Amino acid sequence: MSDLTRLTAAETASAIASREVSAVEVAQAHLDRIAKVDGQVHAFLHVDAEGALAQARRVDDGELSGPLAGVPLALKDVLCQQDIPTTVGSKILEGWRPPYDATVTARLKAAGVVILGKTNMDEFAMGSSTEHSAYGPTHNPWDLTRIPGGSGGGSSAALASYQAPLAIGTDTGGSIRQPASVTGTVGVKPTYGGVSRYGLVAFSSSLDQAGPCARTVLDAALLHEVIAGYDPRDSTSINQPVPPVVAAARSGEVKGLRIGVVKELTGDGYEEGVQQRFDEAVAILQSLGAIVTEVSCPHFSYALTAYYLIAPSEASSNLARFDAVRYGLRVGDDGERSLEEVTALTRGQGFGAEVKRRIILGTYALSSGYYDAYYGQAQKVRTLITRDFQKAWESVDVLVAPTCPTVAFPLGAKLEDPLAMYKQDICSIPSNLYGGPAASFPAGLSEGLPVGLQVMAPTLREDLLYQVGAALERALPAAVPPLAWEN
Ligand code: GLN
């Protein structure tokens, strides 16, 4: 069989099921690929060759089966995997090995998916470029001098460089969708509560959501069905059936679908090439029978501001657990210093600058005297954004916008300007605040770099995202990275 790393997940699974190839051969081909190219891409923080091959052997022995049995996957380092280092891209968790599996991890293992390793990310998932990782940035396979997006840039870069056909990301404010957009891959943020957060290291608990990443729409849907569904260990998990995403990905029917183009997510700051590819993608959907109108969501303009009060507020509380006692790093514990001093030293050295910025912002927003003016106001804006979505659903089935206002920018370009970095997520954040599902699908290239189309749907209507994604995928040529740097 030709290069096993170029197959889709669906093709890989069927080749393994029909014994054309063994799961061990597939795992080994990907481990070889990682050894060959990851020195340049830096998608992985940890590769678990032994664990991957052992799991592949179980698939070959018939102990594990299912639609994705034997398919390799890259796991974002924010999800716990028992006995495997889990750093969240931070020095504060360096060396920590979780004593348990996240529910997502457990479901992947039970489905026979082969976890190759843990992928790089911005520290605590705070960022849009992976440059805030304590372990150095990931490089975009389309152009190694550019960012792969963030915070889940390791996962998207692993896909685009054929180191894995599947990956898991998490999306608090765009961290699945923006990396998908800038690497020409597919990324889906499920409905909040649609995928368990048990074992997902918390950033902003009312927003965090894990989801599937892949090179094709069908592959993402197959992965979605493996990881989604009710989990009693997550109090915000939704006890309802998983939407029929695989059927939707296979159908790709958009005839009669009412698509609303968000009026507010365009204009200044949106690159011309991004806007052009977006307009063309919408025209394609229209030519396939979708009914396209413009919809105004007036409060979306305030989403970024509200997010940068709510997410840091929750982070300031969540990250208090890193106290130098319970997990990971401990600095200056010489028997002389007080617990308070050790905690302060550990947090001072263990957290990077962006994480500290968020903790300070959040602590300020929650402090007495400012709470109502900042956190309280932001929560009211969140409600208004939810109402914009609900009003939109009276006239359309889905909303669309660019995923991100730019293509992948050069590494370092926005590092000194936090606000410019935050603006990467101007289009993705409304769905996080609302809680409904949203996805990014490849929509062609601008100056040789990928552009993403974002689709947003009502809660638990992920099927609509996959329908639109599949329609677009069929109509457009596949986004294949040139990988000119490969020798
Ligand atoms: N870029 C956004 C942030 O820095 C979103 C991150 C995310 O979704 N985890 O907060």
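Above this text is the structure in question.
Residues numbered from 1 in each chain as written. Predicted model: local features only at pLDDT ≥ 70, side-chain atom pairs only at ≥ 80, totals over all residues. Heavy atoms only, no water.

Chemist: Even after reading the chapter, I still don't get unusual backbone geometry, so can you show me in this structure?
Modeler: Peptide bonds are trans in most cases, and residues, glycine excluded, mostly fall at negative phi. Between Gly150 and the following residue, Ser151, the backbone shows a cis peptide bond with an omega angle of 5°. Among the structural elements, Ser151 can be located in the loop between strand 3 (114–119) and helix 5 (153–160). Positive phi values are uncommon outside glycine, yet Thr130 reaches one of about 65°. Among the secondary structure elements, Thr130 is positioned in the loop between strand 3 and helix 5. Here Thr130 falls in the buried class, since its relative accessible area comes to 0%. (Helix = DSSP H or I, 4+ residues; strand = E, 2+ residues; numbered from the N terminus. Buried < 20%, exposed > 50% of the residue type's maximum accessible area, 1.4 Å probe, protein only.)

Chemist: Is there a simple way to think about the packing of aromatic side chains in this case?
Modeler: Each aromatic ring pair is specified by the distance between its two centres and by the angle formed by the two planes. If you walk through the whole model with that rule in mind, you get 16 aromatic pairs. Measuring from ring centre to ring centre gives 5.7 Å for Phe322 and Tyr327, while their planes differ by 45°; the resulting arrangement is tilted. Seen from their ring centres, Phe389 and Trp393 are 5.9 Å apart, and the 35° between their planes marks the pair as tilted. Each member of the pair Phe389 and Trp393 is classed as buried. In textbook terms, an aromatic cluster arises when at least three aromatic residues are bridged by ring pairs, as seen for Trp96, Phe124, Phe322, Tyr327 and Phe351. Lying over the aromatic face of Tyr162, Arg6 brings its terminal NZ or CZ to 3.9 Å of the ring centre. (Phe/Tyr/Trp six-rings, centres within 6.5 Å; stacked < 30°, edge-to-face > 60°. Lys NZ or Arg CZ within 6 Å of the ring centre and 35° of its normal.)

Chemist: What is the right way to look at the site of the ligand in this model?
Modeler: Residues in close proximity to the ligand total 15 residues, the closest being Gly173, Ser175, Tyr307, Arg358 and Asp425. With respect to the ligand, the side chain of Ser175 contributes an N or O atom lying 2.7 Å from an oxygen atom. Asp425 places a side-chain nitrogen or oxygen 2.5 Å from a nitrogen atom of the ligand. When the ligand is considered free in solution it has 290 Å² of accessible area, and contact with the protein chains removes 100% of it. (Near = heavy atom within 4 Å. Polar contact = N/O pair within 3.5 Å; in protein donor to acceptor, adjacent residues only side chain to side chain. Areas by Shrake-Rupley, 256 points an atom, 1.4 Å probe, with all protein chains shown as cover.)

Chemist: I keep staring at the sheet that holds strand 3 and nothing clicks. Help me out?
Modeler: Backbone-to-backbone hydrogen bonds pair the strands of a sheet. The strands run either parallel or antiparallel. Read from one edge to the other, the open sheet built from 11 strands follows the order 1-3-2-4-6-5-10-11-9-7-8, with strand pairing classed as mixed. Sheet topology places strand 1 (44–47) and strand 8 (291–295) at the edges, where each strand pairs with a single neighbour. Shown here is a sheet whose adjacent strand axes are inclined to one another by a mean of 30°, direction ignored. Strand direction decides the pairing type here: strand 9 (residues 398–402) and strand 11 (residues 449–456), joined by 4 bridges, are antiparallel. Within the sheet, the bridge partner assigned to Ala401 lies in strand 11 and is Gln454. (Pairing = 2+ DSSP bridges. Axes fitted to C-alpha atoms, helices over the stretch in contact; angles between N-to-C directions.)

Chemist: Sorry if this is basic, but what is going on with the pattern of salt bridges here?
Modeler: Close approach of charged atoms allows side chains with opposite charge to pair. Following the criterion strictly, the structure yields 17 salt bridges and no others. A salt bridge links Lys36 to Glu486; the shortest N-O distance between them is 2.9 Å. Here Lys36 is found in helix 2 (residues 23–41), whereas its partner Glu486 is found in the segment after helix 16 (462–475), with 450 residues between them in sequence. Its salt-bridge partner being Asp333, residue Arg330 comes within 3.3 Å of it at the nearest N-O pair. Given the relative accessible area of 44%, Arg330 is considered partly exposed. (Salt bridge = Lys/Arg side-chain N within 4 Å of Asp/Glu carboxyl O.)

Chemist: What is the right way to read helix 4 (residues 103–110) from this model?
Modeler: Residues that lie three or four places apart on an α-helix share one face, since the helix turns once every 3.6 residues. What helix 4 keeps buried is the set Thr103, Val104, Thr105 and Leu108. Of the surrounding elements, those touching the buried residues of helix 4 are helix 3 (49–60), strand 2 (72–76), strand 3, strand 4 (166–170), strand 6 (210–214) and helix 7 (217–227). Taken from the residues just after helix 4, Gly112 is the one with a positive phi, measuring 80°. (Contact = heavy atoms within 4.5 Å.)

Chemist: Hey, could you run me through the side chain of His132 in this one?
Modeler: Within the fold, His132 resides in the loop between strand 3 and helix 5. Ignoring anything within four residues of it in the chain, the contact list for His132 reads Gly89, Asp122, Glu123, Met126, Gly127, Glu354, Leu415 and Met421.

Chemist: For this particular structure, what's the right way to read the pairing of strand 8?
Modeler: Here is the key point about a regular strand: its side chains alternate between the two faces of the sheet. With 5 bridges connecting them, strand 7 (residues 258–262) and strand 8 associate as parallel partners. The residue bridging Val261 from the neighbouring strand is Glu294, located in strand 8. On the question of chirality, the crossover connecting strand 7 to the parallel strand 8 by way of helix 9 (residues 272–287) is right-handed. (Right-handed = clockwise from strand over helix to strand, strands pointing away.)

Chemist: Would you explain helix 12 (residues 353–366) in this entry?
Modeler: Helix length check: helix 12 (14 residues) gives 20 Å between terminal C-alpha atoms against 20 Å at 1.5 Å per residue, within 8%. Of the positions making up helix 12, those classed as buried are Glu354, Val355, Arg358, Ile359, Gly362 and Ala365. Down the axis of helix 12, the sector holding all buried residues measures 140°, keeping them to one side. Among the exposed residues of helix 12, those pointing more than 90 degrees away from its buried face are Ala353 and Ile360. (Expected span 1.5 Å × (residues − 1). Arc of directions from axis to C-beta.)

Chemist: It is not clear to me how the environment of Asp101 should be interpreted in this structure. Could you clarify?
Modeler: Checked against the element boundaries, Asp101 lands in the loop between strand 2 and helix 4. The exposure class assigned to Asp101 is buried, which follows from its relative accessible area of 16%. Distance from Asp101 to Gly252, taken between C-alpha atoms, is 34 Å for residues 151 residues apart in sequence. Among all residues touching Asp101, those that are not within four sequence positions of it are Cys80, Gln81, Gln82, Ala106, Lys109 and Tyr198. Within the local environment of Asp101, its side chain forms a polar contact with the backbone nitrogen of Gln82, the two atoms lying 2.7 Å apart.

Chemist: Just checking my understanding: could you explain the packing of helix 9 against helix 16 for this structure?
Modeler: Two measures define how a pair of helices packs: the angle their axes make with one another and the distance between the axes. Direction vectors running N to C along helix 9 and helix 16 enclose 100°, while the axes themselves pass 10 Å from each other. Judged by the angle between their axes, helix 9 and helix 16 are roughly perpendicular. In this structure, helix 9 contributes Ala281, Ile284 and Leu285 to the contact, and helix 16 contributes Val468, Ala471, Leu472 and Ala475. Looking at the contact of helix 9 with helix 16 residue by residue, the class counts come to 7 nonpolar, no polar and no charged. (Parallel < 35°, antiparallel > 145°, perpendicular 65-115°, else oblique. Nonpolar A, V, L, I, M, F, W, Y, C, P; charged D, E, K, R; others polar.)

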